[in-house]
Amino acid sequence: MKRHLISAADLSRDDALLILDTAEELAKISDRSIKKLPTLRGRTVVNLFFEDSTRTRISFEAAAKRLSADVINFSAKGSSVSKGESLKDTALTLEAMGADGVVIRHSASGAPYRLAGWVRGSVVNAGDGTHEHPTQALLDAYTMRRRLGSLEGRRVTIVGDVLHSRVARSNVLLLSTLGAEVTLVAPPTLLPVSVASWPCEVSYDLDTVLPKSDVVMMLRVQRERMNAAFFPTEREYSRRYGLDRERFARLKDDAVVMHPGPMNRGMEIAAEVADSPRSTIVEQVANGVTTRMAVLYLLLGGADLGGGDQ
Ligand code: CP
């Protein structure tokens, strides 16, 4: 495996399968009464969050602590970033504290790549602008594999605001590496120009694609990143691209519904669909901890997993 995890494209098929298989092993340990392993004892993981997060920030912290790493949580709010300190100077400050791994979320696409040039430890991208969110794609693939078995030949449909979605890009890259067939469904205004070169199909018609799908992944409409009108009204968007009760009823019996969160309930996904037994939304959050444990363990060269309870 490479030293850093910045893009899902950094992962070969063998790398991705190793992470998913390691996460399976770690999930067995997470079911024990004492969940902690000594494997990263003495290592330091810095969680560097320049952009808001609930799931990713908490799950990286839980993952590092369950592996017995020392954890430093840095939030841009309340730090010297508000006094104008640059990303590089912030990174060098962390470097001086001896970070073995730096988990970074930043609003600027490419920030994790820049950081990787300044620090000695491994950098893990926890979401950079509209670019990538590779550990979200890993936890999504892990969740699909647990529900459906192998991803080879599985049809995954990703629906909604692809233009602003780092989750969509990372999922397309990782799922194609794992042999799944991905279709993106979105209004033309919410697709990036570069999508023609992505390893996936594109459709504008959700109702044609849904009955063939094994997985339907709904994306959040990211209004905070929209500085123009990308669709006429929220009602119109929801009517054409929302997963409502009627569309849900037309899915295959064993198809699953996913959403990376946070959700706009009632817009891209109906509340009753989000809360249905075929929704994996809560599972995705739980699987995020074990998947991120696997990433930290493999990147930071943890001791043998057979170490048992602490
Ligand atoms: N899915 C995801 O990245 O959620 P957060 O923004 O809450 O971390």
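Residues numbered from 1 in each chain as written. Predicted model: local features only at pLDDT ≥ 70, side-chain atom pairs only at ≥ 80, totals over all residues. Heavy atoms only, no water.

Some thoughts on the overall build of the protein
Along its length, the protein carries 11 helices and nine strands. For 310 residues, the compact-globule formula gives about 19 Å, and the C-alpha radius of gyration of the protein, at 19 Å, lands near that figure. When the backbone C-alpha atoms are referred to their principal axes, the protein occupies close to 55 × 45 × 35 Å. Burial analysis of the protein (310 residues in total) assigns 56% to the buried set. With the model as given, the accessible surface of the protein reaches about 13,200 Å², and the carbon-plus-sulfur share is 50%. If you average the places of the 40 positive and of the 38 negative side-chain charges in the protein, the two averages end up 3 Å apart. (Helix = DSSP H or I, 4+ residues; strand = E, 2+ residues; numbered from the N terminus. Rg over C-alpha atoms; globule rule 2.2 N^0.38 Å. Buried < 20%, exposed > 50% of the residue type's maximum accessible area, 1.4 Å probe, protein only. Areas by Shrake-Rupley, 256 points an atom, 1.4 Å probe, with all protein chains shown as cover. Lys, Arg positive; Asp, Glu negative; His and termini not counted. Charge placed at Lys NZ, Arg CZ, Asp CG, Glu CD.)

A few points about helix H2 (residues 55-66)
For H2, which comprises 12 residues, the first-to-last C-alpha distance of 16 Å matches the rise-based estimate of 16 Å (1.5 Å per residue) to within 8%. Packed against the buried residues of H2 are strand E1 (44-49), strand E2 (70-75), strand E3 (101-106), strand E4 (122-128), helix H5 (134-148) and helix H11 (281-299). Immediately beyond the C-terminal end of H2, within one or two residues, lies Ser68, with a positive phi of roughly 70°. (Expected span 1.5 Å × (residues − 1). Contact = heavy atoms within 4.5 Å.)

With respect to the UniProt feature "domain: Aspartate/ornithine carbamoyltransferase Asp/Orn-binding" (unreviewed entry) in the protein
Using the residue numbers shown here, the UniProt feature "domain: Aspartate/ornithine carbamoyltransferase Asp/Orn-binding" (unreviewed entry) corresponds to residues 153-299. Secondary structure content for residues 153-299 is 35% helix and 14% strand, and the end C-alpha separation is 29 Å. (UniProt positions renumbered as here; feature names shortened; annotations may be inferred.)

Quick word on the UniProt feature "domain: Aspartate/ornithine carbamoyltransferase carbamoyl-P binding" (unreviewed entry) in the protein
Under the UniProt annotation, "domain: Aspartate/ornithine carbamoyltransferase carbamoyl-P binding" (unreviewed entry) lies at residues 3-145. Between the end C-alpha atoms of residues 3-145 there is a gap of 25 Å, over a span that is 41% helix and 17% strand.

Focus: helix H3 (residues 87-96)
Looking at H3, one finds that the buried residues are Leu87, Thr90, Ala91, Leu94 and Glu95. End-on, the buried residues of H3 take up no more than an arc of 145°, which puts them together on one face. Looking at the buried positions of H3, the neighbouring elements they touch are E1, E2, E3 and helix H4 (111-116). (Arc of directions from axis to C-beta.)

A closer look at the layout of surface pockets
By volume, the largest pocket is sized at about 380 Å³. For the lining of the largest pocket, the secondary-structure elements that each account for two or more residues are H2 and helix H6 (166-177). Class assignment of the residues belonging to the lining of the largest pocket gives a composition of four nonpolar, eight polar and eight charged. (1 Å grid on protein atoms, 1.4 Å probe; cavity = no way out; pocket = protein on both sides within 12 Å on 5 of 7 lines; lining within 4 Å. Points joined across faces, edges and corners; volume = space filled by probe spheres on them. Nonpolar A, V, L, I, M, F, W, Y, C, P; charged D, E, K, R; others polar.)

Overview of the pairing of E3
Burial runs high along E3: six of the six residues are buried. Covered by surrounding structure in E3 are Gly101, Val103 and Arg105 together with Val102, Ile104 and His106, the residues of both alternating faces. Both E1 and E3 contribute to a ladder of five bridges, which runs parallel. Within E3, the position partnered with Val46 by the bridge is Val102. With respect to chirality, the unit in which E3 leads through H4 into the neighbouring parallel E4 is right-handed. (Pairing = 2+ DSSP bridges. Right-handed = clockwise from strand over helix to strand, strands pointing away.)

Let's talk about the nonpolar core
The biggest cluster of nonpolar side chains holds 60 residues, and the ones touching the most others in it are Ile158 and Leu174. Of the domains in this structure, domain 1 (8-133 + 286-299) and domain 2 (134-280) are the two that each give at least three residues to this core. Among all residues touching Leu174, those that are not within four sequence positions of it are Ala8, Leu11, Ala16, Ala137, Leu138 and Ala141. Core analysis: the next-biggest nonpolar cluster, separate from the first, contains 25 residues, Val216, Val221, Tyr237 and Tyr241 among them. (Core = buried A, V, L, I, M, F, W, Y, C linked by side-chain atoms within 4.5 Å. Domains from an automatic or database assignment.)

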